[in-house]
Every structure is written in structure tokens, then in C-alpha cells.
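A structural walkthrough
Take a look at the letters that make up each chain.
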Amino acid sequence: FDLIDPKHPIPLTIHSKSGNDSYYMPSEKRVYIDNGGTRSSRSPYYRRALIYHEFGHGIDWQRNLRFSTEVQDLRAKLEVRRRMAPPNGNYKTF
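Attention in this report is confined to the structure presented alongside it. Residue numbers restart at each chain and count upward from 1, following the sequence in its written direction. Per-residue local features are limited, in this predicted model, to residues with pLDDT of at least 70; the limit for side-chain atom pairs, both in listing and counting, is 80 or more; totals at the level of whole chains, interfaces and linings are taken over all residues. Processing note: side-chain calculations cover all non-hydrogen atoms of the structure and skip hydrogens and water entirely.

Moving on, we get to the overall build of the protein. Regarding its fold elements, the protein presents two helices and three strands. Helix and strand assignments come from DSSP, with helices taken as H or I runs of at least 4 residues and strands as E runs of at least 2, each series counted from the N terminus. Its helices and strands in sequence order give the protein the pattern β-β-β-α-α, from N to C terminus. Each residue's exposure class comes from its accessible area (1.4 Å probe, protein chains only) as a fraction of the maximum for that residue type: buried when under 20%, exposed when over 50%, partly exposed otherwise. Classification of the 94 residues of the protein by burial places 20% in the buried group. Note on contacts: a residue pair qualifies if any of its non-hydrogen atoms lie within 4.5 Å across the two residues. Long-range contacts, defined here as pairs at least 24 residues apart, represent 27% of the contacts in the protein between residues at least 6 apart.

Written out as C-alpha cells, the structure reads:
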């Protein structure tokens, strides 16, 4: 959360819809967390991970990280590993 621009905080909306409806909305610059969804109800650890994940999208959009050379290089490496993954999809990412 240290990377969030303090001049432009990312608002959070918690709602209770059924399903997996947690996301970052770039047009609103807002994070939505579905408190009643299956993803958020798995465990306290998973809820925290979900929140960090969605705020990570917000930070990405604030700082244009997806266009940085470092992130593009990491994505390219991951794509190579995906292509080399066994048919069952089980592969180590790190």
C-alpha cells in the first residue's frame, strides 16, 4: 500500500453480491470487493490476498507499471514458461 499515490487515494467499496465480483474499475479508479463471494470467503489469508491483488491493479493504473520495461520483461519470461508448461498446467513460476 506504500505505492498508492497519497494525493490520489484509491477508494474501496465493499458489497455483498453472489459470485466472484471483486475487481478494480479503472474508469472509476476504485476497488470493489465482494464480501459475499466465494473467493473472499475461502479463508482470512485468501481475503487479504484478494484485497492486495485488487489494490495492486489500482497501483498499476496509477503508476503505469504495466508499461514499464521491468514489468514487460517479467511478463515475457512468464509467457515463455507458460508455453513450456506440461499439459496439466502444473509448473513452477519461481
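A few words on the pairing of strand S3 (residues 30-34). The element S3 is largely enclosed, with a buried count of four among its five residues. Criterion used throughout: strands pair if DSSP finds at least two bridges between them. Bridge count between strand S1 (residues 12-15) and S3: four bridges; the pairing is parallel. The residue of S3 that forms the bridge with Ile-14 is Ile-33. With three bridges joining them, strand S2 (residues 23-25) and S3 adopt antiparallel strand pairing. The partner of Tyr-23 across the bridge, within S3, is Tyr-32. Hairpin connection between S2 and S3: a loop of four residues separates the two successive antiparallel strands, and Lys-29 in this loop has a positive phi of roughly 55°.

Given 3.6 residues per turn, any residue in an α-helix points the same way as the ones three and four places further on. Taking 1.5 Å as the rise per residue, helix H1 (residues 44-63) with 20 residues should run 28 Å; its terminal C-alpha atoms sit 28 Å apart, in good agreement. Among the residues of H1, those classed as buried are Leu-50, Glu-54, Phe-55, Gly-58, Ile-59 and Asp-60. For H1, the secondary structure elements touched by its buried residues are S1, S2 and S3. The first or second residue beyond H1 is Asn-64, which carries a positive phi of 55°. How far a helix is expected to stretch is found by multiplying one less than its residue total by 1.5 Å.

The strand order across the open sheet formed by three strands is S1-S3-S2, and the pairing between neighbours is mixed. Both outer strands of the open sheet, S1 and S2, are each paired with one neighbouring strand and no more. Between one strand axis and the next, the sheet turns through 25° on average, direction left out of account. To define axes, lines are fitted to C-alpha atoms, for helices over the stretch in contact only, and angles between the resulting N-to-C directions are given on a 0 to 180 degree scale. On top of the sheet, H1 reaches S1, S2 and S3; it is set at about 25° to S2, its chief contact.

Turning our attention to the packing of aromatic side chains. Here the aromatic set is Phe, Tyr and Trp, taking the six-membered ring for Trp, and pairing holds for ring centres within 6.5 Å; pairs whose planes are under 30 degrees apart are stacked, those over 60 apart are edge-to-face, and all others are tilted. If you walk through the whole model with that rule in mind, you get three aromatic pairs. Taking 5.0 Å as the distance between ring centres and 50° as the angle between the ring planes, the aromatic pair formed by Phe-1 and Tyr-52 counts as tilted. With Phe-1 in the segment before S1 and Tyr-52 in helix H1, the pair connects residues that are 51 residues apart, well separated along the chain. Aromatic rings pair up to connect Phe-1, Tyr-52 and Phe-55 into one cluster. The rule is short: NZ of Lys or CZ of Arg within 6 Å of the ring centre and within 35 degrees of the ring normal puts a charge over the ring. The aromatic ring of Trp-61 is capped on one face by Arg-66, whose charged end is 3.8 Å from the ring centroid.

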